[in-house]
Amino acid sequence: VQLLDSGGDLVQPGGSLRLSCAASGFVFTDYAMSWARQAPGKGLEWVSSIRANGGETYYADSVKGRFTISRDNFKNMLHLEMNSLRVEDTAVYYCASVGAYGALFYWGQGTLVTVSS
Amino acid sequence: DIQLTQSPSFLSTSVGDRVTITCRASQDISNYLAWFQQKPGKAPELLIFATSTLQAGVPSRFSGSGSGTEFALTISSLQPEDFATYYCQQAKSYPYTFGQGTKLDIK
């Protein structure tokens with residue numbers, strides 16, 4: 001199993017960014033996927049999840065209405081579209097596969113998003 | 001939202017010690033609880049899911065227990081590579097939540 005996160009960058013407050021996660025080594029279409037993040041020196045925070053068929057999505061209150069999770073099951077890709085970015089969105093963002101009992105089984109290496117003027 | 005409270009937040013321990021970290025949920029989460037280990041600069045790694053099922057490749061010195069609202073991660077004999085930060089995570093309902101973490105330091 002391999003998950004490769006990309007797309008992190010330095011962006012100004014109010015800006016937008018699109019994160020991607022390339023999945024391989026497992027049947028991508030069988031698994032829900034999630035994004036989690038970790039602000040510098042802080043703990044883990046779940047951000048969003050999407051069902052295997054993309055039919056249902058879920059968001060943390062802190063990002064609802066600003067972030068959109070999506071997946072391309074033909075290309076084995078997961079995305080996170082982030083709009084109206086705030087300083088407090090600064091974090092390393094990880095994609096993860098969701099397995100039995102909702103556990104986040106496999107994680108990407110993370111991609112750093114810095115929101116600063 | 002379901003809150004998870006881990007204790008302790010920090011623990012100074014020694015190689016060979018038996019360590020127990022607890023995770024308390026604000027409501028019944030059945031056995032939808034997982035434990036992760038994270039080392040500095042690295043992504044978290046799954047240790048245990050469904051409260052007590054060891055992820056493939058995880059050493060047997062790690063074990064999980066509990067149900068409902070009270071859970072525990074036990075390391076039977078600490079090894080040098082176990083000094084890290086540990087998190088619990090609930091997946092009973094959205095939004096998923098993590099505990100605040102427990103950092104194990106070398107005494």
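None of the values given here were measured: they were computed from a predicted structure.

A. Geometry of the sheet that holds strand β8 (residues 70–75) of chain B. All names here are of chain B. Across the sheet, which stays open at both edges, the four strands sit in the order β1-β3-β8-β7 with antiparallel pairing between neighbours. Only two strands of the sheet have a single neighbouring strand rather than two, namely β1 (4–7) and β7 (62–67). Sheet twist, expressed as the mean angle between neighbouring strand axes with direction ignored, is 15°. Pairing analysis gives six bridges linking strand β3 (residues 19–25) to β8, with the strands arranged antiparallel. When the bridges of β8 are listed, Thr20 appears paired with Thr74.

B. Here's a closer look at the sheet that holds strand β7 (residues 67–72) of chain A. Residue and element names in this part refer to chain A. Spatial strand order, β1-β3-β8-β7: four strands in an open sheet with antiparallel pairing. In this open sheet, the two strands that pair with only one neighbour each are β1 (2–6) and β7. The sheet shows a mean angle of 15° between the axes of neighbouring strands, direction not considered. Relative to strand β8 (residues 77–82), β7 is paired through six bridges, and the arrangement is antiparallel. Within the sheet, the bridge partner assigned to Ser70 lies in β8 and is His79.

C. Looking closely at unusual backbone geometry. Geometrically, the link from B:Ser7 to B:Pro8 is a cis peptide bond, its omega value of -5° lying close to zero. With respect to the helices, strands and loops of the structure, B:Pro8 is situated in the loop between β1 and β2 (10–13). Backbone torsion omega between B:Tyr94 and B:Pro95 reads 0°, so that peptide bond is classified as cis. Looking at the element boundaries, B:Pro95 is found in the loop between β9 (85–90) and β10 (97–98). Phi angles above zero are rare outside glycine, and A:Ser84 is one such case at about 50°. Tracing the chain through its elements places A:Ser84 in the loop between β8 and β9 (91–98). By relative accessible area, which is 42% here, A:Ser84 ends up partly exposed. In this model, A:Tyr101 sits at a positive phi of 55°, which is unusual for a non-glycine residue. The topology assignment puts A:Tyr101 in the loop between β9 and β10 (104–107).

D. Examining the nonpolar core more closely. In this structure, A:Trp35, A:Leu78, A:Leu80, A:Met82, A:Tyr93 and A:Trp107 are the most contacted members of the largest nonpolar core, which totals 48 residues. Counting residues per element, this core draws most heavily on β9(A), at six residues. Excluding residues within four positions of it along the chain, A:Trp107 makes contact with A:Leu3, A:Ala36, A:Leu44, A:Tyr94, A:Cys95, A:Ala96, B:Phe36, B:Ala43, B:Pro44 and B:Phe98. If you look at the next biggest cluster of nonpolar residues, it comprises 22 residues, including B:Phe62, B:Ala84, B:Tyr86 and B:Leu104.

E. Here's a closer look at the packing of aromatic side chains. Per the stated rule, a full pass over the model turns up 14 aromatic pairs over all chains. A ring pair is formed by A:Tyr58 and B:Tyr94, whose centres lie 3.8 Å apart and whose planes are at 10°; its orientation type is stacked. Here A:Tyr58, found in strand β6 (residues 57–59), pairs with B:Tyr94, found in the loop between β9 and β10, and the two come from separate chains. Given the relative accessible area of 27%, B:Tyr94 is considered partly exposed.

F. Region of the structure containing the side chain of B:Gln55. Secondary-structure assignment places B:Gln55 in the loop between β6 (53–54) and β7. Its relative accessible area of 11% is what places B:Gln55 among the buried residues. Those residues in contact with B:Gln55 that lie beyond four places of it in its chain are A:Phe105, A:Tyr106, B:Leu46, B:Leu47, B:Ile48 and B:Phe49.

G. Highlighting the pairing of β1(A). All names here are of chain A. Of the two faces of β1, the one holding Leu3 and Asp5 is buried and the one holding Gln2, Leu4 and Ser6 is not buried anywhere. Strand direction decides the pairing type here: β1 and strand β3 (residues 17–24), joined by five bridges, are antiparallel. The residue bridging Leu4 from the neighbouring strand is Ala22, located in β3.

Thresholds applied
- Residues numbered from 1 in each chain as written.
- Chains lettered and ligands numbered in written order.
- Predicted model: local features only at pLDDT ≥ 70, side-chain atom pairs only at ≥ 80, totals over all residues.
- Heavy atoms only, no water.
- Pairing = 2+ DSSP bridges.
- Helix = DSSP H or I, 4+ residues; strand = E, 2+ residues; numbered from the N terminus.
- Axes fitted to C-alpha atoms, helices over the stretch in contact; angles between N-to-C directions.
- Buried < 20%, exposed > 50% of the residue type's maximum accessible area, 1.4 Å probe, protein only.
- Core = buried A, V, L, I, M, F, W, Y, C linked by side-chain atoms within 4.5 Å.
- Contact = heavy atoms within 4.5 Å.
- Phe/Tyr/Trp six-rings, centres within 6.5 Å; stacked < 30°, edge-to-face > 60°.

Distances and angles like these do not, on their own, reveal function.
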